[in-house]
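Chain and residue survey
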Amino acid sequence: MNFSVNNCRLIDFSITGTGAGFFVDPLRNGIEAPFPVKRMYYLFDIPLNKARGGHSHKALQQIVIAINGSFALKLSDGRDEKLVILDSPMSGLHLVPGIWREVFDFTPGATCMVLASEVYDERDYIRDYDEFLTWRGLKKNIHSNDL
Ligand code: TYD
């Protein structure tokens, strides 16, 4: 399926344990997470003015959570773009397959947690934007007889 940026939605978590002055956010496969989570990783100690991302995945689904601080994501499906600011551990952004993302504007000490539907596989990445457009069927291949 050809997903669009509009398929990338915020998921609100069900907060519990609020009585004791702290919050607990459970994230369960098939309930809050729309896919079985096979991997979790987090980005921390991110230098100021450093951007991350700059790639798309072919099949991987992810949920991105600002566990601490905030950061911005610019999403593109090759046609439309969407800017999302994440600044709360009480919700996460569901990234569907085939979405180019840039992640930037990390506040000092920000921590970005990612839940992923698959284990790490470099073959699932597209790291070149032109290649991404071609993969999405949005860029005409130039043949020598077109020149
Ligand atoms: P990458 O996904 O490109 O990071 P970001 O989107 O945050 O910029 O990953 C950065 C590097 O880390 C890359 O060389 C692949 C490696 N890596 C793993 O080995 N395992 C993982 O689970 C992840 C997410 C990355």
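To start, this report covers the structure provided alongside it. Computed from a predicted model, the values in this text were never measured in an experiment.

Turning to the sheet that holds strand β6 (residues 81-86), a few remarks are in order. The antiparallel open sheet is built from five strands, whose spatial order is β6-β5-β8-β3-β10. The open sheet is flanked by β6 and β10 (125-126), the only strands paired with a single partner.

Taken together, the neighbourhood of the ligand is formed by R39, Y41, L43, R52, G53, H55, Y120, Y125 and R127. Within the side chain of R39, an N or O atom sits 2.5 Å from an oxygen atom of the ligand. A distance of 2.9 Å separates an oxygen atom of the ligand from a polar atom in the side chain of R52. Expressed as a share of its isolated accessible area of 530 Å², the protein-covered part of the ligand is 62%. Taken together, the elements giving at least two residues each to the shell around the ligand come down to β2 (39-43) and β3 (52-57). Residues of the shell around the ligand, tallied by class, amount to four nonpolar, two polar and three charged.

Judged by pairing direction, the sheet is antiparallel, and its five strands sit side by side in the order β1-β7-β4-β9-β2 without closing on themselves. The open sheet has two edge strands with one neighbour each: β1 (10-12) and β2. Direction aside, the axes of adjacent strands within the sheet are offset by 25° on average. Across five bridges, the pairing between β2 and strand β9 (residues 111-116) is antiparallel. Counted as the bridge partner of Y42 is M113 from β9.

Turning our attention to the nonpolar core. Within the largest apolar cluster, 20 residues are counted, with the highest numbers of intra-cluster contacts made by F71, L73, L75, L86 and L93. Those elements giving two or more residues to this core turn out to be β4 (62-68), β5 (71-76), β6, β7 (91-95) and β9. Here this core gets three residues from one element, more than from any other, and that element is β5. Excluding its chain neighbours within four sequence positions, the residues that come into contact with L73 are K82, L83, V84, L86, L93, L95, E102, V103 and F104. Of all hydrophobic cores here, the second largest spans eight residues; its members include F13, A33, I63 and L115.

Moving on to the state of the cysteines. Summed over all chains, the structure comprises zero disulfides. The cysteine C8 is free of any disulfide, with C112 supplying the nearest cysteine sulfur at 14 Å. On the basis of relative accessible area, C8 is assigned to the buried category, the value being 1%. For C112, a relative accessible area of 3% puts it in the buried group.

What counts, and where the lines are drawn
Residues numbered from 1 in each chain as written. Predicted model: local features only at pLDDT ≥ 70, side-chain atom pairs only at ≥ 80, totals over all residues. Heavy atoms only, no water. Pairing = 2+ DSSP bridges. Helix = DSSP H or I, 4+ residues; strand = E, 2+ residues; numbered from the N terminus. Near = heavy atom within 4 Å. Polar contact = N/O pair within 3.5 Å; in protein donor to acceptor, adjacent residues only side chain to side chain. Areas by Shrake-Rupley, 256 points an atom, 1.4 Å probe, with all protein chains shown as cover. Nonpolar A, V, L, I, M, F, W, Y, C, P; charged D, E, K, R; others polar. Axes fitted to C-alpha atoms, helices over the stretch in contact; angles between N-to-C directions. Core = buried A, V, L, I, M, F, W, Y, C linked by side-chain atoms within 4.5 Å. Buried < 20%, exposed > 50% of the residue type's maximum accessible area, 1.4 Å probe, protein only. Contact = heavy atoms within 4.5 Å. Disulfide = S-S within 2.5 Å.

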